[in-house]
Amino acid sequence: MAKVKISRKSTRIDMTAMCDVAFLLLSFFVMTATAKQPEPKPVDTPVSTVLDKLPEEGVATISVGDKQVFFTIPRAAREGTLSRMATKYNVTFTQEEIKKFVGMDGFGVPLNQLKGLLALSVNERNAPNMQKGIPYDSVGNQLGDWVEQAREAEKAVLDARIADGDETVKYKDLDIAIKGDAKEDYPTIKRIIDILQAQKKNKFYLVTGLRNEDF
Amino acid sequence: MAELNTGGDGGKGGKVRSKKSNPGVDLTAMVDLAFLLITFFMLTTTLSKPQSMPLAMPDKDPKNEPKDNTKIPEARMMTILIGKDNKLLWYMGKFETPTIAPTEAAYGKNSIRKDILKNTAIAKANTDKPEEEGLIVNIKASDVASYRNLVDILDEMAINKVQLYAIGDITPAEIDLLKQTGLY
């Protein structure tokens, strides 16, 4: 009786191509990924089912948590905003401080403490309870001024780019996103909305997380 | 296969044979690692982009106060009052003469969403153009409401495709109503 020969094939697969593709994709994702900037006040945003993404450019973010307010200006408009605020409040900033301000993402101190904040290192700045928030009550509404000056600075930046003949630029008002903590009480948010509405900024974004539970 | 053909056979009648070592490298671990990192970067890049909810508020200019000439069809008007402890109260029509009396509700698909859908049907039955006109929702959050409650209700508006909604200021009478029902 003839023996049935089972041909023994090697079970090993050539992985060279797979490895190539994997590393190609890996390098792509590594390069496109942007490092998450440390925030002075991490907030836990509420969740929603709306899938709209925040615009990538020209968005200023107001973070609200524990009744403290922090403001992030888009990088292009930072220098202009600071110089406008400095003129308005009669404060002068050195070249070094302006450079540091442009490199700083979000901040939350009254304007008279900003110099002290800029003198600190990044780690010291983002330490918990280091920054106590921008004043936004009706007595010293600095937040409203920051937003107003940021909008003007952004407009100036866009105007300059249009004047340079950059045809890809379309004029749009600075978008404002409110990034509130889910546990924040409504009057605080209402106050922020009122500040925005006082300067005729009636359209803005609410930053939310993605809802994954069955709602 | 990834192994290189090291040849070497067929020189001098196969007499001198050097030991053939296999130069192929086992890539399994490398591929594993690469895919792990890909997954990590893919998820972190796409998930870190924040979601956002566009919100348009009605213009509030102290110079042009509303002259009370816009007629709001009461039959299509629903008011949601947000109270404490994740509870809310809603009524249809005017506050003084509601077509549906204030009803307590909770968030989620089993409570407020059913009410909104029911009221949408009522609103559509009360209009000549059910295609274009539907429910009008006025969201009034009290001072004890949390931001999460507001976003939840705005989310409900998006889920139920309510075309017209606005965030309004709560009146003292409505706060009293919330107090009576123990939601303030």
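Up top is the structure.
Residues numbered from 1 in each chain as written. Chains lettered and ligands numbered in written order. Predicted model: local features only at pLDDT ≥ 70, side-chain atom pairs only at ≥ 80, totals over all residues.

### Concerning the nonpolar core
Here is step 1 of the chain: With 72 residues, the main nonpolar core has Val69, Phe71, Ile176, Ile178 and Ile192 of chain A together with Ile80 and Leu150 of chain B as its most contacted residues.
Here is step 2 of the chain: Setting aside residues up to four positions removed in sequence, Val69 of chain A forms contacts with Ile62, Val64, Gly108, Gly133, Ile134, Tyr136, Leu143 and Ile192 of chain A. (Core = buried A, V, L, I, M, F, W, Y, C linked by C-beta atoms within 7 Å. Buried ≥ 20, exposed ≤ 12 C-beta atoms within 10 Å, placed from the backbone. Contact = placed C-beta atoms within 7 Å.)

### What to know about the environment of Leu54 of chain A
Here is step 1 of the chain: Relative to the elements of secondary structure, Leu54 of chain A occurs in the loop between strand S1 (47-48) and strand S2 (59-65).
Here is step 2 of the chain: Distance in space between the C-alpha atoms of Leu54 of chain A and Val207 of chain A is 7.7 Å, their sequence separation being 153 residues. (Helix = DSSP H or I, 4+ residues; strand = E, 2+ residues; numbered from the N terminus.)

### With respect to the sheet that holds strand S3 (residues 87-93) of chain B
Residue and element names in this part refer to chain B.
Here is step 1 of the chain: Overall, mixed pairing links the 5 strands, which are arranged S4-S3-S2-S5-S6 in an open sheet. The outermost strands of the open sheet, each flanked by one partner alone, are strand S4 (98-106) and strand S6 (164-168). On average, each strand axis in the sheet is inclined to that of its neighbour by 20°, with strand direction left out of account.
Here is step 2 of the chain: Pairing of strand S2 (residues 77-82) with S3 involves 5 bridges; the strand directions are antiparallel. Each bridged residue has a counterpart across the sheet, and for Met78 the counterpart in S3 is Met92.
Here is step 3 of the chain: Lying over the sheet, helix H2 (residues 112-125) contacts S2, S3 and S4, oriented at roughly 160° with respect to S4. (Pairing = 2+ DSSP bridges. Axes fitted to C-alpha atoms, helices over the stretch in contact; angles between N-to-C directions.)

### Notes on the pairing of S2 of chain B
Looking along a regular strand, one sees side chains alternate from face to face of the sheet.
All names here are of chain B.
Here is step 1 of the chain: Among the 6 residues of S2, 6 are classified as buried, and the element is accordingly described as predominantly covered.
Here is step 2 of the chain: Residues of S2 alternate between two faces, with Met77, Thr79 and Leu81 on one and Met78, Ile80 and Ile82 on the opposite face, all of them buried.
Here is step 3 of the chain: Pairing analysis gives 6 bridges linking S2 to strand S5 (residues 136-141), with the strands arranged parallel. When the sheet's bridge partners are listed, Leu81 is paired in S5 with Lys140.
Here is step 4 of the chain: Remark: 4 residues form the turn of the hairpin made by S2 and S3, two consecutive strands paired antiparallel; Asp85 in that turn has positive phi of roughly 50°.

Interpretation note: all reported values are geometric properties and have no functional meaning in isolation.
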